[in-house]
Amino acid sequence: MKHELLDLSPVMPVVVVDDADAAVGAARALLAGGIKVIELTLRTDVALAAIERVASAVPDIVVGAGTVTTAGQARQAADAGASFLVTPGCTERLLEAASSTGLPFLPGVSTVSEAMRLAEHGVSALKFFPAEPSGGVAYLKAIAGPLPSLRFCPTGGITPDNAPGYLALPTVACVGGSWLTPRDALSAKDFARIETLARKAAALR
Ligand SMILES: O=C(O)C(=O)C[C@H](O)[C@H](O)COP(=O)(O)O
């Protein structure tokens, strides 16, 4: 993944959508709040349709696919118009499939060896997942120490309160989190609330 994509916003919103229309509204609200990127997770049946809709209806936001766990999903996300792929972990097959899409790829890692293995394949931007359960800021500091050329997007358990601690690390480009798009706000189509959360998140760095 090109580091520039991670530099678009201090927070990568991780969004679980049940409705493609709500995804479009959420993307517009995030953008209005100053967040220029959105990760739509392939956790629901409508996710691919939502990626397609957001990519065409909100061209100013960079839309990626999250929770990509199989080679088939990597191809489907690319076909739907995703601009990047995020995975919670990585396998040989997934790495191959993601590489063959030509899309920027942000694979999840939580150990030094996983990070080193991906670095051998030329992947230098990594999702640190699950960030808080794995050991948080102190743990990331320790694993990033011997790998100073890598950059991380910690995700999993990140909140507005603990985000600044991660963002202060030189190896952290941005953090990922679902708190900008609460499920109840999405289902109520409360986009004003999402915009307010986005504005606060955009000001984190
Ligand atoms: O779906 C994926 O690919 C994941 O890696 C999991 C998500 O990143 C986390 O669910 C977001 O974590 P929270 O901000 O703690 O809700």
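In what follows, the structure referred to is the one given above.
The following paragraphs examine the structure supplied in this document. Quantities reported herein were computed from a predicted structural model and do not represent experimental measurements. (Residues numbered from 1 in each chain as written. Predicted model: local features only at pLDDT ≥ 70, side-chain atom pairs only at ≥ 80, totals over all residues. Heavy atoms only, no water.)

1. As for the site of the ligand
Neighbouring the ligand are the residues Val14, Arg43, Thr67, Pro88, Lys127, Phe129, Thr155, Gly156, Gly157, Gly177 and Ser178. A distance of 2.5 Å separates an oxygen atom of the ligand from a polar atom in the side chain of threonine 67. The contact in question runs from an oxygen atom of the ligand to an N or O atom on the backbone of glycine 157, over 2.7 Å. Protein chains bury 82% of the 400 Å² of accessible surface belonging to the ligand in isolation. Its residues assigned to classes, the shell around the ligand shows three nonpolar, six polar and two charged. (Near = heavy atom within 4 Å. Polar contact = N/O pair within 3.5 Å; in protein donor to acceptor, adjacent residues only side chain to side chain. Areas by Shrake-Rupley, 256 points an atom, 1.4 Å probe, with all protein chains shown as cover. Nonpolar A, V, L, I, M, F, W, Y, C, P; charged D, E, K, R; others polar.)

2. Let's talk about the packing of aromatic side chains
To describe a pair of aromatic rings, one takes the distance between the centres and the angle between the planes. This structure, assessed with the given rule, holds one aromatic pair. The aromatic ring of phenylalanine 129 is capped on one face by lysine 127, whose charged end is 4.8 Å from the ring centroid. (Phe/Tyr/Trp six-rings, centres within 6.5 Å; stacked < 30°, edge-to-face > 60°. Lys NZ or Arg CZ within 6 Å of the ring centre and 35° of its normal.)

3. Re the pattern of salt bridges
Proximity of charged atoms lets side chains of opposite charge pair with each other. Within the structure shown, the criterion is met by seven salt bridges. Close ionic contact of arginine 151 with aspartate 7 constitutes a salt bridge, the shortest N to O distance being 3.3 Å. Here the residue arginine 151 occupies a position in strand S7 (residues 151–154), and aspartate 7 occupies one in the loop between helix H1 (3–6) and strand S1 (11–15), the gap between them amounting to 144 residues. For aspartate 7, a relative accessible area of 44% puts it in the partly exposed group. The closest approach of N and O atoms between arginine 117 and glutamate 92, which form a salt bridge, is 2.5 Å. (Salt bridge = Lys/Arg side-chain N within 4 Å of Asp/Glu carboxyl O. Helix = DSSP H or I, 4+ residues; strand = E, 2+ residues; numbered from the N terminus. Buried < 20%, exposed > 50% of the residue type's maximum accessible area, 1.4 Å probe, protein only.)

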